[in-house]
Amino acid sequence: MFPPPQTQDADSSIRLTDTDAALARLSAVQKRYLEDPFIKHLVPRAHLQPARPPLINIGTFVRATAIDDLVFQWLKSAADHGTRCQIVSLGAGSDTRFWRIATGVHKDALAAYIELDFPEITSKKAMAIRKSKDLSAVLGDPSQVAVAHGGTGLRSPTYHLLPADLRLPPQDTLDKLLAPILSPTLPTLLLFECVLVYMSPAASTALFQWFIDYFSPEGGGALGSIVYEMFRLQDSFGRVMVENLKARHVSLPGAEPYPDVKSLPGRFLNLGFTAASALTLKEIRKSYVSREELERISHLELVDEVEELDLVLEHYAITWGLFVPTSAVAGKWVEWGLNVQPVGDDEE
Ligand SMILES: C[S@@+](CC[C@H](N)C(=O)[O-])C[C@H]1O[C@@H](n2cnc3c(N)ncnc32)[C@H](O)[C@@H]1O
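Residues numbered from 1 in each chain as written. Predicted model: local features only at pLDDT ≥ 70, side-chain atom pairs only at ≥ 80, totals over all residues. Heavy atoms only, no water.

- Within an unreviewed UniProt entry, the label attached to the chain reads Leucine carboxyl methyltransferase 1, and the organism entered is Roridomyces roridus.
- In its Catalytic activity (unreviewed entry) section, the UniProt record describing the chain reads: "[phosphatase 2A protein]-C-terminal L-leucine + S-adenosyl-L-methionine = [phosphatase 2A protein]-C-terminal L-leucine methyl ester + S-adenosyl-L-homocysteine".
- Looking at the chain in UniProt, the text filed under Function (unreviewed entry) is "Methylates the carboxyl group of the C-terminal leucine residue of protein phosphatase 2A catalytic subunits to form alpha-leucine ester residues." (UniProt positions renumbered as here; feature names shortened; annotations may be inferred.)

Put into structure tokens, the structure is as follows:
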């Protein structure tokens, strides 16, 4: 891929990472690693886009399998508790998760699904949704669907698309945008898929603190959070990743505090979360993805570079954390997480 022109500012380079993520998902779908009938509506000229290399497809598959399961468990726990839940996706880009949930078995467990991203990204998404019958049909009664925030957002009974720069003080952004929509009493899951890595650790902490404060008062609901991104960028492979991204004017300040997998849960535990865990994509592929699925995807494409695959996968991790404001709220939420067989200690 050619680097973007030199004239682009750093934020437009960050926004371009959404195109990478959407093309990676589209490729994994076209190669049959994943099923997603919606992504083609969010990628311009989807049928003309070239497939990504097998390494990228496998990484996308492993990440999606694990995050889908964590989200599915959250929705199921809500249903088991006889309640509905909310999902807030920060830096959602062209993600299709809302449409997959809203057409899936747990659609009734969803009280609200909120997506935030830069206004340039949300306006593009709002337009793509309005243009696609398949996407807009899922939003419900058309008379209750409206463009919002001067064309940079969308409002519907369950789905909300909101423009925000997540690095700004949350009191200046989230107070206004989320407080009218987000119930502090419902169990709520925050998704950060490859977004915090582009922000300073201080800006990420401020975001988490805002949500903790929002859900803390007596009667607050359980708060779960999933972070997926690269880490361990201090080793030689990590340094190459950093250099490659620098050539595209993208820096990764959010990865600095996380030199190894053991450091990742600290992101949550240092803020007072009740529990937190992390697994690399390498661990997830080895010990979490079912044998049947591994067998199935092994026939999709030839992978020569198995060692390189492991090297890439051990630089990406999924970290999940749970905050329960009072022990009365704990219930089954404490069981939420990925259950894997231990895979030795090569992830030190
Ligand atoms: C790599 S993409 C991931 C998109 C989506 N989460 C996914 O996994 O498919 C990163 C997204 O985060 C958004 N993002 C990064 N920094 C942001 C910020 N400060 N405020 C709002 N959005 C941001 C980008 O615009 C982009 O859409």
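### Things to note about helix α6 (residues 170–177)
Given 3.6 residues per helical turn, the α-helix brings residues three or four places apart onto the same face.
Turning to step 1, where the next piece is worked out: Along α6, the residues classified as buried are P170, T173, L174 and L177. Looking straight down α6, one finds its buried side chains confined to an arc of 90 degrees; they lie on one side.
Turning to step 2, where the next piece is worked out: Here the buried face of α6 lies against β2 (110–117), β5 (159–163) and α7 (201–215). (Buried < 20%, exposed > 50% of the residue type's maximum accessible area, 1.4 Å probe, protein only. Helix = DSSP H or I, 4+ residues; strand = E, 2+ residues; numbered from the N terminus. Arc of directions from axis to C-beta. Contact = heavy atoms within 4.5 Å.)

### What about the packing of helix α1 (residues 10–30) against helix α2 (residues 54–80)?
Turning to step 1, where the next piece is worked out: Here α1 crosses α2 at 95 degrees, and the two axes come no closer than 9 Å. Classed by the angle they form, the pair α1 and α2 counts as roughly perpendicular. Contacts between α1 and α2 involve A24, R25, S27 and A28 from the first element and I56, N57, T60 and A64 from the second.
Turning to step 2, where the next piece is worked out: Counted by class, the contact of α1 with α2 contains four nonpolar, three polar and one charged residues. (Axes fitted to C-alpha atoms, helices over the stretch in contact; angles between N-to-C directions. Parallel < 35°, antiparallel > 145°, perpendicular 65-115°, else oblique. Nonpolar A, V, L, I, M, F, W, Y, C, P; charged D, E, K, R; others polar.)

### Comments concerning the nonpolar core
Turning to step 1, where the next piece is worked out: Membership of the largest hydrophobic core comes to 77 residues, with the highest contact counts inside it found for V71, I87, Y159, I226, M230, I284 and I318.
Turning to step 2, where the next piece is worked out: Looking at which element gives the most residues to this core, the answer is α2, with 12 residues.
Turning to step 3, where the next piece is worked out: Residue contacts for M230: discarding those within four places in its chain leaves C194, V197, Y198, M241, L245, L252, A255, H315 and Y316. (Core = buried A, V, L, I, M, F, W, Y, C linked by side-chain atoms within 4.5 Å.)

### Some words on the site of the ligand
Turning to step 1, where the next piece is worked out: Within the structure, the ligand sits among 20 residues, and R63, G91, D117, L166 and E193 are positioned closest to it.
Turning to step 2, where the next piece is worked out: A distance of 2.8 Å separates a nitrogen atom of the ligand from a polar atom in the backbone of G91.
Turning to step 3, where the next piece is worked out: The contact in question runs from a nitrogen atom of the ligand to an N or O atom on the backbone of L166, over 2.9 Å.
Turning to step 4, where the next piece is worked out: In the complex, 96% of the free accessible area of the ligand, which totals 600 Å², lies under the protein chains.
Turning to step 5, where the next piece is worked out: In terms of residue count, the dominant contributor to the shell around the ligand is α1 (five residues).
Turning to step 6, where the next piece is worked out: A class-by-class count of the residues in the shell around the ligand yields 10 nonpolar, three polar and seven charged. (Near = heavy atom within 4 Å. Polar contact = N/O pair within 3.5 Å; in protein donor to acceptor, adjacent residues only side chain to side chain. Areas by Shrake-Rupley, 256 points an atom, 1.4 Å probe, with all protein chains shown as cover.)

### Some details on helix α8 (residues 236–246)
Turning to step 1, where the next piece is worked out: Of all the residues in α8, the buried ones are G238, M241 and L245. The buried residues of α8 occupy an angular sector of 55 degrees when projected down its axis, which confines them to one face. Of the exposed residues in α8, the ones pointing more than 90 degrees away from its buried face are S236 and N244.
Turning to step 2, where the next piece is worked out: Tucked inside the fold, the buried residues of α8 contact β7 (223–230) and β9 (316–323).
Turning to step 3, where the next piece is worked out: Capping the start of α8, D235 holds a side-chain oxygen 3.3 Å from the backbone nitrogen of F237, two or three residues further along.

### Considering empty space enclosed by the protein
Turning to step 1, where the next piece is worked out: Applying the stated criterion across every chain yields a total of one cavity of 30 Å³ or more.
Turning to step 2, where the next piece is worked out: The calculated volume of the largest cavity comes to roughly 50 Å³.
Turning to step 3, where the next piece is worked out: Lining of the largest cavity is provided by V227, E229, M230, F231, Y258, L264, R267, A317 and T319.
Turning to step 4, where the next piece is worked out: Among the secondary structure elements, those contributing two or more residues to the lining of the largest cavity are β7 and β9.
Turning to step 5, where the next piece is worked out: If one sorts the elements of the lining of the largest cavity by residue count, β7 sits on top with three residues.
Turning to step 6, where the next piece is worked out: Residues of the lining of the largest cavity, tallied by class, amount to six nonpolar, one polar and two charged. (1 Å grid on protein atoms, 1.4 Å probe; cavity = no way out; pocket = protein on both sides within 12 Å on 5 of 7 lines; lining within 4 Å. Points joined across faces, edges and corners; volume = space filled by probe spheres on them.)

### Side note on the sheet that holds β9
The strands that make up a sheet are held in pairs by hydrogen bonds between backbone atoms, and each pair lies either parallel or antiparallel.
Turning to step 1, where the next piece is worked out: Strand order across the open sheet formed by nine strands is β3-β4-β5-β2-β1-β6-β7-β9-β8, with mixed pairing between neighbours. Edge positions in the sheet fall to β3 (146–148) and β8 (275–280), since each of these pairs with one other strand and no more. On average, each strand axis in the sheet is tilted by 20 degrees relative to the strand beside it, whichever way the strands run.
Turning to step 2, where the next piece is worked out: Pairing analysis gives two bridges linking strand β4 (residues 153–155) to β5, with the strands arranged antiparallel. Looking at β5, one finds that L154 is bridged to L161.
Turning to step 3, where the next piece is worked out: Those strands touched by α7 are β1 (85–90), β6 (188–193), β7 and β9, and its axis lies near 170 degrees from that of β7. (Pairing = 2+ DSSP bridges.)

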